[in-house]
Amino acid sequence: MVGQTKDVGWQIGVSKTVSQPIERVWALVTSSEGLALWLGPGAELKPDKGVPVHY
């Protein structure tokens, strides 16, 4: 998925189907190790809607 948004410019989306329970996948994606793999070393993810990711 690629497209130009109305407010923030270009946006790229990626999807991947994995054969793992959602709880296990979410635990990895939201862990420090998972965030580093997904967004790069030192990335932080705030659980509140609309809070930006810091690299």
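Values in this document were obtained by computation on a predicted structure and should not be read as measured data. (Residues numbered from 1 in each chain as written. Predicted model: local features only at pLDDT ≥ 70, side-chain atom pairs only at ≥ 80, totals over all residues. Heavy atoms only, no water.)

Caption draft 1: Structural context of the overall build of the protein. A tally of regular secondary structure across the protein gives 2 helices and 2 strands. Within the span of the protein, comprising 55 residues, buried residues form 9% of the whole. If you take every contact in the protein between residues at least 6 apart in sequence, the share linking residues at least 24 apart comes to 0%. When the accessible surface of the protein is split by element, carbon and sulfur atoms take 59% of a total near 5200 Å². (Helix = DSSP H or I, 4+ residues; strand = E, 2+ residues; numbered from the N terminus. Buried < 20%, exposed > 50% of the residue type's maximum accessible area, 1.4 Å probe, protein only. Contact = heavy atoms within 4.5 Å. Areas by Shrake-Rupley, 256 points an atom, 1.4 Å probe, with all protein chains shown as cover.)

Caption draft 2: Representation of the environment of Val 29 within the structure. Mapped onto the fold, Val 29 is located in helix 1 (residues 22–29). Of the residues examined, Val 29 reaches a relative accessible area of 23% and is grouped as partly exposed. C-alpha separation for the pair Val 29 and Leu 39, spaced 10 residues apart in sequence, amounts to 9.7 Å. With residues up to four places along the chain from it excluded, the contact list for Val 29 reads Gly 34, Leu 35 and Trp 38.

Caption draft 3: Quick look at the layout of surface pockets. In this model, the largest pocket occupies a volume close to 270 Å³. Lys 16, Val 18, Gln 20, Arg 24, Val 25, Leu 28, Val 29, Gly 34, Leu 37 and Trp 38 are the residues that line the largest pocket. Of all elements in the fold, only helix 1 and helix 2 (32–39) reach the threshold of two or more residues within the lining of the largest pocket. Taken together, the residues of the lining of the largest pocket sort by class into 6 nonpolar, 2 polar and 2 charged. (1 Å grid on protein atoms, 1.4 Å probe; cavity = no way out; pocket = protein on both sides within 12 Å on 5 of 7 lines; lining within 4 Å. Points joined across faces, edges and corners; volume = space filled by probe spheres on them. Nonpolar A, V, L, I, M, F, W, Y, C, P; charged D, E, K, R; others polar.)

Caption draft 4: Summary view of the environment of Thr 30. With respect to the helices, strands and loops of the structure, Thr 30 is situated in the loop between helix 1 and helix 2. A C-alpha to C-alpha distance of 9.6 Å links Thr 30 and Lys 46, two positions 16 residues apart in sequence. For Thr 30, the side chain forms a polar contact with the main-chain oxygen of Trp 26, separated by 2.7 Å. (Polar contact = N/O pair within 3.5 Å; in protein donor to acceptor, adjacent residues only side chain to side chain.)

In short, geometric facts, not functional conclusions.
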